[in-house]
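Descriptive structure summary
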Amino acid sequence: MSQSYNRGLIEDYGRWKEFSAGMWAWIFHKFTGWMLIGYLFTHIAVLSTAIGAAQGETVEVFAEDLPNVEGTGLTEVDIYTATLGGLEGLFIVRLLEVGLLAVAVFHILNGLRLLMIDLGIGLEAQDKSFYASLILTGIITVASVPTFLKGVGF
Amino acid sequence: MAERYSSFAPGGTAWLLQRITAAFLVVVLAFHFFQLHFVNHAAEVTFMGTRARMENVGYFLTMVLFLIAGTFHGVNGVYNALVNQGLSGTPKKVVLAVLTIASVALIVQGIWVALAMAGMI
Ligand code: HEM
Ligand code: HEM
Ligand code: HEM
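I will try to describe carefully the structure that is included in this document. Within every chain, residues take consecutive numbers counted from 1 along the sequence as written. Just so you know, chain letters begin at A and ligand numbers begin at 1, following the order they were written in. The model is predicted, so local features are restricted to residues of pLDDT at least 70 and side-chain atom pairs to those at 80 or more, both for listing and for counting; the totals for chains, interfaces and linings are taken over all residues. To obtain the side-chain values, all non-hydrogen atoms of the structure were used and water was disregarded.

The subject of this paragraph is the pattern of salt bridges. The term salt bridge refers to a pairing of a side-chain nitrogen on Lys or Arg with a carboxyl oxygen on Asp or Glu at a separation within 4 Å. Applying the stated criterion across every chain yields a total of 2 salt bridges over all chains. Between R94 of chain A and E88 of chain A there is a salt bridge, and its shortest N-O distance comes to 3.1 Å. The two residues R94 of chain A and E88 of chain A agree in class, both being buried. With a closest N to O distance of 2.3 Å, R19 of chain B and D118 of chain A form a salt bridge. Here D118 of chain A lies in helix α4 (residues 91–119) and R19 of chain B lies in helix α1 (residues 13–39), a pairing that spans two chains. Under the scheme applied here, a residue whose accessible area is under 20% of the maximum for its type counts as buried, over 50% as exposed, and between as partly exposed, the area being computed with a 1.4 Å probe on protein chains only. Judged by its relative accessible area of 15%, R19 of chain B is buried. Helix numbering and strand numbering both begin at the N terminus, where a helix is a DSSP run of H or I of at least 4 residues and a strand a DSSP run of E of at least 2.

In this section: the coordination of the iron atom of ligand 3. Coordination sphere of the iron atom of ligand 3, protein contribution only: H107 of chain A (NE2) and H73 of chain B (NE2), at 1.9 to 2.1 Å. Between the 6 donor atoms coordinating the iron atom of ligand 3, the angles at the centre fall across 86 to 179°, so the site counts as octahedral. In this pair, H107 of chain A sits in helix α4 while H73 of chain B sits in helix α3 (residues 57–84), so the two residues belong to two different chains. Across the pair, H73 of chain B and H107 of chain A agree in class, each one buried. Shown as donors are all N, O and S atoms within 2.8 Å of a metal ion, widened to 3.2 Å for Na, K and Ca; because water is not in the atom set, sites may appear incomplete. Irregular is the default label, applied whenever a site is not tetrahedral (four donors, all angles between 85 and 135 degrees) and neither square planar nor octahedral (four or six donors, opposite donors over 155 degrees apart, all other angles between 65 and 115).

These results come straight from atomic positions and should not be treated as a statement about function.
Here's what the structure looks like:
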């Protein structure tokens, strides 16, 4: 591995037309990684309503508006249940969740691929395993749509 | 090695930790999605449900480890990507400081949240 190779400045995204499978894999991996860390910060912010809920903070909501609340009419609900239910009741949030799953699945599969490459397994089939990651991501995402969108159109 | 696209200098500590946390994340992230979409539907999550899960010590510890590994992996990834893009000198130190503070804040907040969920505070 002492041999070096001038790959040019690959960080120059303007060269996207010349990208090979490995370069696309790298770009996608970056993109999905950044999405996931962005999501994690948002996620903890939303889940933080549990602190209020633990201290007995409640709000009044219409039970019909929230998929996770039973009954009808104006109901008193803890702030965590109301926040999560309010988000899950929105079609756009469900759609974003499908997107998040796709992003996470690709990052996991491609990440596993990178780990294997690092261990020296299957070096000859790198581009094939990248396409396999893409296709598998597509299949898993499509297969999960019914579960994710249940109650908001499915 | 003809082509190698990575944001990390191979063999370094950051590189190694990125891979170790990645191996752990594969398991927990898959578990997390499975748990909150197929076992318990995301749309049916309530405070009582979360509390019931978080009261289990194993689940609680898994979530806290997930939080720490995910934060480290994500932020270390961002930092290395920036260094790889040519970040150096003072901006590099500032970025490292900001990212470190953000990570610590996220982990502290996350643990506080986890304790509240489990009913321990
Ligand atoms: C981490 C350490 C890595 C090592 C040791 C490594 C090693 C290699 C080796 C030995 C080859 C064969 C080169 C040849 O003889 O022509 C190769 C090709 C390739 N690598 Fe890597 N690689 C690494 C990371 C990556 C990553 C992270 C990607 C993409 C995300 C990648 C994508 C590719 C692709 C697409 C090829 C085929 C290139 C071509 O021949 O057109 N590699 N790599
Ligand atoms: C749409 C997908 C997701 C849903 C519906 C979801 C939902 C939840 C819920 C309800 C909890 C509270 C624990 C429980 O009730 O069992 C939780 C905790 C957590 N989630 Fe997610 N999650 C999702 C995706 C993710 C992703 C992609 C990550 C990582 C980047 C993540 C990281 C975490 C962490 C670290 C905790 C623990 C929080 C703490 O300890 O304070 N989640 N999630
Ligand atoms: C679930 C299993 C996961 C695996 C197997 C995995 C694997 C990897 C690997 C091997 C790298 C290094 C790529 C390189 O050499 O450039 C990486 C980069 C990265 N990961 Fe992950 N990861 C996982 C989950 C996550 C999560 C949950 C987050 C966010 C919270 C995340 C955020 C990132 C970021 C931001 C990068 C840097 C991307 C860049 O170069 O810009 N990853 N991941």
